[in-house]
Amino acid sequence: MASKAYLAATFIVPALLLLSLCCLHIAEAEAEAKVKLGREKISHLHFYFHDLVSGKNVTAVKVASAPTTNSSATLFGTVMVMDDWLTEGPAATSKMVGRAQGIYVSSSQEKFHLLMASTFVFESGKYNGSTLAMVGKNAALEQVREMPIVGGSGLFRLARGYALARTHSLELNTGNAVVEYNVTVLHY
C-alpha cells in the first residue's frame, strides 16, 4: 500500500499546482476581457409591462396545465408563453420601447408565485437591439417584487442586477395586467 506522503507527492501536489495555474489563467483572462470591454457602467431603466391574457390583442397564452390546475387556488401548473409589450407609460397607447418574451409558470401550491424566465428585448432608443435576461420568482400579489437580472446582450453584455416590479393595474374579470418595472443593471 502506498504511503500518504507518496500519494501527496504523486497526485495531490501536482493537482493543486494545476488548479493554481488554471485559476491564474482565468483571472488573467477576466482582467483582459475587462480591458477590452471597458469600464463597467450602471444603468437604470423604467418601463411598463402589458400582460394581456384576454381581449383582442392577447400577448400571453396558456400552453400547458396540470390535470389539477383548475381546482388549485393558485392555478398551480399553468404554463404561459408571453410576448408582452414594454412601453414608456402605463397606457397601451404609450410609446413602445420593446417586448418581454418568455414564459411564466404558476409554481407554488400555497401562494400565487410565478417562476418567470423573460428576455426584455429593447426595440427603440438608446438600447435598441439590446436585451436583458430576467429569471426568478415573482410573488405576483405582493406590492413590490424583486427579481434577478442574470445576463444581457448588446449594450447590456455581461449584465447583472435586479428588477423591481409593482402592479400598476389588474383587471380581475379579464386577468389583464400592467406592471411597472424599475431595473438596475451593471454592465460593460
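Anything mentioned here points back to the structure above.
Residues numbered from 1 in each chain as written. Predicted model: local features only at pLDDT ≥ 70, side-chain atom pairs only at ≥ 80, totals over all residues. Heavy atoms only, no water.

A. Seen up close, the packing of aromatic side chains. In this structure the tally under the stated criterion is eight aromatic pairs. Aromatic ring contacts, followed pair by pair, group Phe 47, Phe 49, Phe 120, Phe 122, Tyr 127, Phe 156 and Tyr 181 into a single cluster. (Phe/Tyr/Trp six-rings, centres within 6.5 Å; stacked < 30°, edge-to-face > 60°.)

B. Highlighting the nonpolar core. Residues Phe 47, Phe 49, Met 116, Phe 120, Leu 132, Tyr 181 and Val 183 are the most contacted members of the largest nonpolar core, which totals 28 residues. At the level of secondary structure, the elements contributing two or more residues to this core comprise β1 (41-51), β3 (79-87), β4 (96-106), β5 (114-122), β6 (131-138), β7 (145-153), β8 (160-170) and β9 (177-187). Filtering out sequence-adjacent residues up to four positions away, Met 116 remains in contact with Phe 49, Met 82, Ile 103, Tyr 104, Met 134, Val 135, Gly 136, Asn 138, Met 147 and Tyr 181. (Core = buried A, V, L, I, M, F, W, Y, C linked by side-chain atoms within 4.5 Å. Buried < 20%, exposed > 50% of the residue type's maximum accessible area, 1.4 Å probe, protein only. Helix = DSSP H or I, 4+ residues; strand = E, 2+ residues; numbered from the N terminus. Contact = heavy atoms within 4.5 Å.)

C. A look at unusual backbone geometry. One non-glycine residue, Leu 75, adopts positive backbone phi at about 60°. For Leu 75, a relative accessible area of 40% puts it in the partly exposed group. Backbone geometry at Leu 158 places phi at a positive 60°, although glycine is not the residue there. Note that Leu 158 resides in the loop between β7 and β8. Given the relative accessible area of 48%, Leu 158 is considered partly exposed.

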